[in-house]
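Close look at the chain arrangement
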Amino acid sequence: MPVLMIKVRSREREQFIDITAEVARRLRETGAREGICHLYVQHTTAALTINESADPDVARDMLHVLRRLAPRHDADYRHGEGNTDAHVKSSLMGTSLSIPFTDGELLLGRWQGIFLCEFDGPRERQVVMMIR
Amino acid sequence: MPVLMIKVRSREREQFIDITAEVARRLRETGAREGICHLYVQHTTAALTINESADPDVARDMLHVLRRLAPRHDADYRHGEGNTDAHVKSSLMGTSLSIPFTDGELLLGRWQGIFLCEFDGPRERQVVMMIR
Amino acid sequence: MPVLMIKVRSREREQFIDITAEVARRLRETGAREGICHLYVQHTTAALTINESADPDVARDMLHVLRRLAPRHDADYRHGEGNTDAHVKSSLMGTSLSIPFTDGELLLGRWQGIFLCEFDGPRERQVVMMIR
């Protein structure tokens, strides 16, 4: 099974980007029928999560809550690059996902989508995809 | 290896349901000796987590903290279904778990249990289990 | 593939301990070329996360934010052992990681390190490592 690299371009500092269609397409191209689709983001100020993709306000509300949990500015932060909030959000959401698939299709629930979470963009991001 | 579906019935809006015994039983039935037990919840207002199962107050306290992190009502929420808090909690806890096993037994720590986290019940939920 | 156990000794109540070099060394010793490196922590008051390892202030700032999200003392906590905060932080960070590798090397991003998160130390902790 080849190691696949998915490139994602973010356009804002904070943004949830739906990569479901891209992951599903790449999975079909491998011809694999059943197994686990592992996704891994190679960054410390971005993340991966599964959540509702139908209503974009869900992602918007999630970013709103995350900004309150890890504010951008805090007199107690010591990390010099000014993006501590993005590092915290990355670990809260997580950097890896493991999604089962059968008959070549991801076993996502009806409302589920796969999101690349950008917390310190805009940037070019990279997600590793490996089938097992 | 078959794909297994575990159905879980929640009884309250927010509830941690211990599914450890069910997962362990299903694993034994497969006859698999060593590998990874992948669990995946197909919902955007539920989650999976590992935490202490001995004292039910741990799960109760976790729900208490999560309610403060993502309050049910917030004038800034835009998602129209009124369950933004449940979506946020789902991504904070996560939708997939990968648990190693040997000799047909999950390598859980002494105090660890596997929980289906319900954040918008009561409902019937579904967890996909795949052995690799 | 053998099941590997990585022992980690924490020195403070709360501490992020970089275990990247140890995981990379163990991976090389297996001789495996390509696959997924699964890590699993067998505790309910510790966790695993990936984040920046270059500047130690990132881990320090993350602990600062986590302490505010789950304060050590709260009149509403019911769990009698006084470490509810540690249980919450464990589930927020997560107990398992799945990291792809090729040519025997972990596909970590340039700034990424693997951390054992101690939230109720000092203690001896154990991480299960399994290659698939």
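Just above, that's the structure.
Keep in mind it's a predicted model, so treat the numbers as computed, not measured. (Residues numbered from 1 in each chain as written. Chains lettered and ligands numbered in written order. Predicted model: local features only at pLDDT ≥ 70, side-chain atom pairs only at ≥ 80, totals over all residues. Heavy atoms only, no water.)

**What about the packing of helix α3 (residues 84-93) of chain A against helix α2 (residues 56-69) of chain C?**
For the pair α3 of chain A and α2 of chain C, the least separation of the axes is 9 Å and the interaxial angle reads 70 degrees. Judged by the inter-axis angle, α3 of chain A sits roughly perpendicular to α2 of chain C. Two packed elements cross with a definite hand, and for α3 of chain A against α2 of chain C that hand is right-handed. In contact with T84, H87, V88, S91 and L92 of chain A of α3 of chain A, α2 of chain C contributes V58, D61, M62, V65, L66 and L69 of chain C. For the contact of α3 of chain A with α2 of chain C, the per-class residue count stands at 7 nonpolar, 3 polar and 1 charged. (Axes fitted to C-alpha atoms, helices over the stretch in contact; angles between N-to-C directions. Helix = DSSP H or I, 4+ residues; strand = E, 2+ residues; numbered from the N terminus. Parallel < 35°, antiparallel > 145°, perpendicular 65-115°, else oblique. Left-handed = near helix turned anticlockwise from the far one by under 90°. Contact = heavy atoms within 4.5 Å. Nonpolar A, V, L, I, M, F, W, Y, C, P; charged D, E, K, R; others polar.)

**Overview of the environment of F115 of chain A**
All names here are of chain A. Within the fold, F115 resides in strand β7 (residues 112-118). Residue classification places F115 among the buried positions, given a relative accessible area of 5%. Between the C-alpha atom of F115 and that of F16, which follows or precedes it by 99 residues, the distance is 5.8 Å. (Buried < 20%, exposed > 50% of the residue type's maximum accessible area, 1.4 Å probe, protein only.)

**Looking at the relation of the copies chain B and chain A**
Mapping chain B onto chain A calls for a screw motion: a turn of 120 degrees about the axis and a shift of 0.0 Å along it, with 0.0 Å RMSD after fitting. Considering both components of the superposition, the chain copies are consistent with a three-fold axis. For chain B, the minimum C-alpha distance to the rotation axis belongs to L92 of chain B and amounts to 3.4 Å. The residues that chain B uses at the interface reappear at the interface of chain A in only 17% of cases, marking distinct surfaces. (Least-squares fit on C-alpha atoms with pLDDT ≥ 70 in both.)

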